[in-house]
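Take a look at the letters that make up each chain.
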Amino acid sequence: MEKQAIVMSGIRPTGFLHLGNYFGAVRNYVRMQSEYTCYFMVADLHALTTHPDTSELKKNVSRVLAENIACGLNPDKAAFYCQSHVPETSELYLYLNMLAYKGELEKTPTFKDKVRLQPDNVNAGLLTYPVLQAADILLHRATLVPVGKDQEQHLEMSRNFANRFNHRYGEIFPEPHAFNYGDELIKVPSLDGAGKMSKSENQYATLYLSDEDELIRKKVMKAKTDSGPTTPNSEKPDYIANLFLLMELVSAPDVTKKFEDDFNNCTIRYGDMKKQLAEDMVAFIAPVREKAEAIRNDEKYLKEIMEKGAAKARASAQVTMALVKEAIGLNYY
Ligand code: ADP
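Along each chain, residue indices are assigned from 1 in the same order as the chain's sequence is written. Predicted model: local features are reported for residues with pLDDT of at least 70 only, side-chain atom pairs are reported and counted for 80 or more only, and whole-chain, interface and lining totals are derived from all residues. The side-chain values count all of the structure's non-hydrogen atoms but skip hydrogen atoms and water molecules.

## A closer look at the layout of surface pockets
Inference 1: Put simply, the grid is 1 Å and covers the protein atoms alone, a cavity is a trapped set of points that fit a 1.4 Å probe, a pocket is an open set with protein on both sides within 12 Å along at least five of seven lines, and lining residues have an atom within 4 Å of a point. Grid points are joined across faces, edges and corners, and a volume is the space filled by probe spheres set on the points. Space inside the largest pocket adds up to approximately 1300 Å³.
Inference 2: Arg 12, Asp 150, Gln 151, Lys 196 and Ser 198 are the residues nearest the centre of the largest pocket, which is lined by 50 residues in total.
Inference 3: The helix and strand labels rest on DSSP assignments: H or I over at least four residues marks a helix, E over at least two residues marks a strand, and numbering proceeds from the N terminus. Going through the elements one at a time, strand 1 (6-11), helix 1 (19-32), helix 2 (44-50), helix 6 (109-117), helix 8 (129-138) and helix 9 (152-169) are the ones with two or more residues in the lining of the largest pocket.
Inference 4: Among the elements that make up the lining of the largest pocket, the one with the highest residue count is helix 6 (six residues).
Inference 5: Think of it as three bins: nonpolar holds Ala, Val, Leu, Ile, Met, Phe, Trp, Tyr, Cys and Pro, charged holds Asp, Glu, Lys and Arg, and polar takes everything else, Gly as well. Partitioned by chemical class, the residues of the lining of the largest pocket number 16 nonpolar, 23 polar and 11 charged.

## What to know about helix 14 (residues 299-328)
Inference 1: A helix's residues, less one, multiplied by 1.5 Å, set its expected span. For helix 14, spanning 30 residues, the distance from its first C-alpha to its last is 41 Å, which sits close to the expected 44 Å at 1.5 Å a residue.
Inference 2: Among the residues making up helix 14, those that are buried are Leu 302, Ile 305, Met 306, Gly 309, Ala 310, Ala 313, Ser 316, Ala 317, Thr 320, Met 321 and Val 324.
Inference 3: Note on helix 14: the residue one or two positions beyond its end, Gly 329, has a positive phi of about 100 degrees. Here the term buried applies to any residue with accessible area under 20% of the maximum for its type, exposed to any over 50%, and partly exposed to those in between, with areas from a 1.4 Å probe on protein chains only.

## Points about the side chain of Ser 62
Inference 1: As for its placement among the helices and strands, Ser 62 is situated in helix 3 (residues 57-70).
Inference 2: For this analysis, residues touch if any pair of their heavy atoms sits within 4.5 Å. If sequence neighbours within four positions are ignored, Ser 62 has contacts with Arg 296 and Leu 302.

## Side note on the pattern of salt bridges
Inference 1: We define a salt bridge as a contact between a side-chain nitrogen of Lys or Arg and a carboxyl oxygen of Asp or Glu at a distance within 4 Å. Evaluation of the coordinates by the stated rule reveals 21 salt bridges.
Inference 2: For Glu 304, the salt bridge identified is with Lys 300, shortest N-O distance 3.7 Å. Of this pair, Glu 304 and Lys 300 both sit in helix 14, four residues apart, which is roughly one turn of that helix.
Inference 3: Note on Glu 304: relative accessible area 44%, which makes it partly exposed.

## Some thoughts on the domain arrangement of the chain
Inference 1: The domain boundaries assigned to the chain delineate domain 1 (6-179 + 299-328) and domain 2 (203-292).
Inference 2: Every contact between the two is made by 11 residues of domain 1 and, on the other side, 14 residues of domain 2.
Inference 3: Here's the idea: put two parts together, see how much 1.4 Å probe accessible area each one loses, and the total over both is what we call buried area. Summing both sides of the interface, domain 1 and domain 2 together bury roughly 1100 Å²; the carbon and sulfur share of this comes to 80%.
Inference 4: A per-residue breakdown of the area domain 1 buries against domain 2 is headed by Leu 19, Phe 23 and Ala 70, which together make up 47% of the total.
Inference 5: Counting across the domain 1 and domain 2 interface gives zero salt bridges.
Inference 6: Any pair of N or O atoms that falls within 3.5 Å is considered a polar contact. Within protein, one atom must be able to donate a hydrogen and the other to accept it, and sequence-neighbouring residues count only if both atoms are side-chain atoms. Our count for the contact surface shared by domain 1 and domain 2 stands at two residue pairs in polar contact (both at pLDDT 80 or more).
Inference 7: Elements represented by at least two residues in the side of domain 1 that touches domain 2 include exactly helix 1 and helix 3.
Inference 8: Examining the composition of the side of domain 1 that touches domain 2, we find that four residues originate from one element, helix 3, more than from any other.
Inference 9: When its residues are assigned to classes, the side of domain 1 that touches domain 2 shows nine nonpolar, one polar and one charged. Domain start and end points were adopted from an automatic or database domain assignment.

## Section: a nonpolar patch on the surface
Inference 1: Excluding any residue in a salt bridge, patches collect residues exceeding 30% relative accessible area, merging like charges within 9 Å and nonpolar Val, Leu, Ile, Met, Phe, Trp and Tyr side chains within 5 Å. Only the protein chains shown count as cover for residues, and all accessible areas are computed by the Shrake-Rupley method using a 1.4 Å probe. On the surface, Leu 330, Tyr 332 and Tyr 333 cluster together into a nonpolar patch covering about 480 Å² of accessible area.
Inference 2: With respect to the helices and strands, the residue Tyr 333 is situated in the segment after helix 14.
Inference 3: For Tyr 333, a relative accessible area of 98% gives the class exposed.

## Quick notes on the environment of Phe 16
Inference 1: If you trace the backbone, Phe 16 turns up in the loop between strand 1 and helix 1.
Inference 2: A residue is classified by how much of its surface remains accessible, and Phe 16, at 27% relative accessible area, is partly exposed.
Inference 3: For the pair formed by Phe 16 and Cys 71, sequence separation is 55 residues and the distance between their alpha carbons is 13 Å.
Inference 4: Here Phe 16 is in contact with Asn 21, Arg 63, Glu 67, Lys 199, Tyr 208 and Ser 210, once residues within four sequence places are set aside.

## Side note on unusual backbone geometry
Inference 1: Phi is positive for Asn 233, which is not a glycine, with a value near 55 degrees.
Inference 2: Note on placement: Asn 233 falls in the loop between helix 10 (213-222) and helix 11 (238-250).
Inference 3: Of the residues examined, Asn 233 reaches a relative accessible area of 58% and is grouped as exposed.
Inference 4: One non-glycine residue, Cys 266, lies in positive phi territory at about 65 degrees.
Inference 5: Inspection of the secondary structure puts Cys 266 in the loop between helix 12 (253-264) and helix 13 (270-296).

## A short note on the nonpolar core
Inference 1: Nonpolar cores are built from buried Ala, Val, Leu, Ile, Met, Phe, Trp, Tyr and Cys residues. Side-chain atoms within 4.5 Å join them into one set. By size, the foremost hydrophobic cluster in this structure holds 60 residues, and its most contacted members are Leu 19, Leu 207 and Met 281.
Inference 2: Per-element accounting of this core gives the leading share, 10 residues, to helix 13.
Inference 3: Mapping this core onto the domain boundaries places at least three of its residues in each of domain 1 (6-179 + 299-328) and domain 2 (203-292).
Inference 4: The residues contacting Leu 19, other than those within four sequence positions of it, are Val 188, Met 197, Leu 207, Leu 209, Leu 246, Met 281, Phe 284 and Ile 285.
Inference 5: Ranked by size, the runner-up nonpolar core spans 38 residues in total, among them Met 41, Ala 43, Leu 92 and Ala 142.

Have a look at this one:
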């Protein structure tokens, strides 16, 4: 039988999951787990680069686990683990750091963004974030990485590090590629039209999978609109295009089409569109929220999942690390 492609991805435990995490990443995890060998992780080490205060870490790890499972991730199918429970990650990170150059790391747009956001904590971990991410992926010699559009450039860096390693020490790593079932990687826009939805920024413009129904309605109704188009078939301003994009994600196709038609013939009422979007969003989020709440406090269950996941991940990691050490020449005796 042909060997299944290997899939790897992770989410940082830095807060509640939001619609961007779901449509950019988790939705793909749930589909991929039945078709591939999958490793999914809670990226707690990555979280330390931006969230040095660990008082909320355990709670956040439990949330990410519970919310992924509530979305349909099945820990019996995929290895679902915590990054720090697989210490081989840190070992590979160290070797890859020797192949990553300061100049290319400093140029990474996400690094520049983070320097802007936390000028008083520009730590080396922040700079080498793409190297740790490459280690997560290459540790399982994964080729498919389900992520949102914001991660596209990091994947290119992972490929560079893999190719550099292969070139210097011998062919160990296949090239990893960002993956989405649709044609393109997804970017779920924030409700205020400024950038992407994100866990830690702009909480009122982000829809969380834990938001209560009333809060979802409030956030959607507050989204920016205008008095509507005056010329038929005109181009949509960004903030209106974003509302349509959100609607495409959660509403029925004929509902979206009705509002598209209304927009094109200048009869659209944005108030009605947002009411519809809010109700469809509530119908989408409420079942996930309720399921996650039930799982989140079941410590015994979550611990079992993490242990089982770490065992599967370590087995895969140890095979790779044996190859890596031999290739580098670190197998003296
Ligand atoms: P965040 O940026 O919210 O802290 P993470 O860095 O933990 O999220 O990313 C977890 C996954 O969610 C990644 O695959 C990332 O590409 C995806 N993701 C995050 N925000 C969005 C978004 N707004 N649209 C699409 N995908 C996203």
